[in-house]
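Below are the chains, spelled out letter by letter.
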Amino acid sequence: MTTFAPDSLDLNRKLPLWYQVSQSLRASILGRSPEAPLRLPTEDALAAHYGVSVLTMRQALKELETEGLISRHRRRGTFIEPSARRGAPVRLLGSVDAIVAQQSGMRTELLEHGPTGVPAELSGYFPDLAEVAGYTRLRCEEETGEPTNHARNYVRPEVAARIDPGDLLRWPMTKVLRDAAGVRISRITDIVEARLADPETARLLRIPLLSPILHYTGVTYDEDGRVVDVARIHYRGDRFSFTVTLDAH
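Keep in mind the model is a prediction, meaning the values are calculated, not measured.

Caption draft 1: Broad picture of the confidence of the model for the chain. On average, residues of the chain score 84 in pLDDT, and 86% of them are at 70 or above. Ranking the elements of the chain by mean pLDDT puts helix α4 (residues 96-103) last with 52 and helix α5 (residues 157-160) first with 98. Under a pLDDT of 50 for its full length, residues 245-249 has, in the predicted model, three contacts with residues more than four places off or in other chains.

Encoded structure:
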């Protein structure tokens, strides 16, 4: 019987190997063509394909089995569940107004704000600064109070001087920058990555340590091409969806 061929993967040694392998194989399964075989290669073959141990591969497959994406049968092998299909569509909304709309509708708690050093990994965005203004917020669902994401913004000091922290309890940062601080936003670059929750994020989002989360980095530029804000947001994996719509006209 012909077996399903998963995509290749460049492993990041900073993340658990079983998690990376499970997510790569998950993406291959959900994105497969309708005519693709349902039978997976053996554990040994998959381990060799990904360059991991059989024990790591077994742990990754167990994760997918728990999700209901595969089923495992003694002597017969491992099979993709025919019902395993990609769920919600992905939509990309390109306007600032759309971004503001997507950020709204949550109850927000401002945990802290004030001057802070520029993190080393963000120094390229603020090459002329050693210090920026930091804002840390926790967003929760309005009705249930369940936390959905934890946000940390790094804002240029001269822009932060025009921000009333109280506005961040009512409006998302993009709206505050544009409408309250008077920033003429030219573009926002978004980067979304899969990560595992560290102890602080797990505590704030009320999820188990090392739970899958989505890490969002949003870089906001003004009309002069300067970075005025870098947002780093951790979203609970079970409370976030990302949709992209492309207009072909």
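Having seen the model, we can carry on.
Caption draft 2: Spatial organisation of the side chain of S28. Looking at where S28 falls in the secondary structure, it is placed in helix α1 (residues 17-30). A relative accessible area of 5% places S28 in the buried class. Apart from residues no more than four positions distant in its own chain, S28 is found in contact with F4, P6 and D7.

Caption draft 3: Quick look at the environment of T174. Within the secondary structure, T174 is located in helix α6 (residues 173-180). Put simply, T174 and I185 are eleven residues apart on the chain and 8.8 Å apart in space, counted from C-alpha to C-alpha.

Caption draft 4: The arrangement of the packing of helix α2 (residues 43-50) against helix α3 (residues 54-67) in detail. Axis separation between α2 and α3 bottoms out at 9 Å; the angle between their running directions is 105 degrees. Judged by the inter-axis angle, α2 sits roughly perpendicular to α3. Contacts from E43, D44, L46, A47 and Y50 in α2 reach V54, M57, R58 and L61 in α3. Residues belonging to the contact of α2 with α3 are distributed by class as follows: six nonpolar, no polar and three charged.

Caption draft 5: Representation of unusual backbone geometry in the model. One non-glycine residue with positive phi stands out, namely R75, at about 70 degrees. Secondary-structure assignment places R75 in the loop between β1 (70-73) and β2 (77-80). The exposure class assigned to R75 is exposed, which follows from its relative accessible area of 80%. Positive phi, close to 60 degrees, is recorded for R206, a residue that is not glycine. Structurally, R206 can be placed in the loop between α7 (199-205) and β7 (212-222). For R206, a relative accessible area of 56% translates into the label exposed.

Caption draft 6: Examining the pattern of salt bridges more closely. One pass over the structure, following the stated rule, counts 15 salt bridges. One salt bridge in this structure joins R178 and D179, with 2.9 Å as the shortest N-O distance. Taking relative accessible area as the criterion, R178 reaches 28% and is therefore assigned partly exposed. For D179, a relative accessible area of 40% corresponds to the partly exposed category. The partner of R203 in a salt bridge is E200, with the nearest N and O atoms 2.9 Å apart. With R203 and E200 both in helix α7 and three residues apart, the pair spans about one turn of that helix. Because the salt bridges share partners, they merge into one network encompassing D128, R156, E158, D222 and R226.

So, how was this worked out
Residues numbered from 1 in each chain as written. Predicted model: local features only at pLDDT ≥ 70, side-chain atom pairs only at ≥ 80, totals over all residues. Heavy atoms only, no water. pLDDT = per-residue confidence, 0-100. Helix = DSSP H or I, 4+ residues; strand = E, 2+ residues; numbered from the N terminus. Contact = heavy atoms within 4.5 Å. Buried < 20%, exposed > 50% of the residue type's maximum accessible area, 1.4 Å probe, protein only. Axes fitted to C-alpha atoms, helices over the stretch in contact; angles between N-to-C directions. Parallel < 35°, antiparallel > 145°, perpendicular 65-115°, else oblique. Nonpolar A, V, L, I, M, F, W, Y, C, P; charged D, E, K, R; others polar. Salt bridge = Lys/Arg side-chain N within 4 Å of Asp/Glu carboxyl O.

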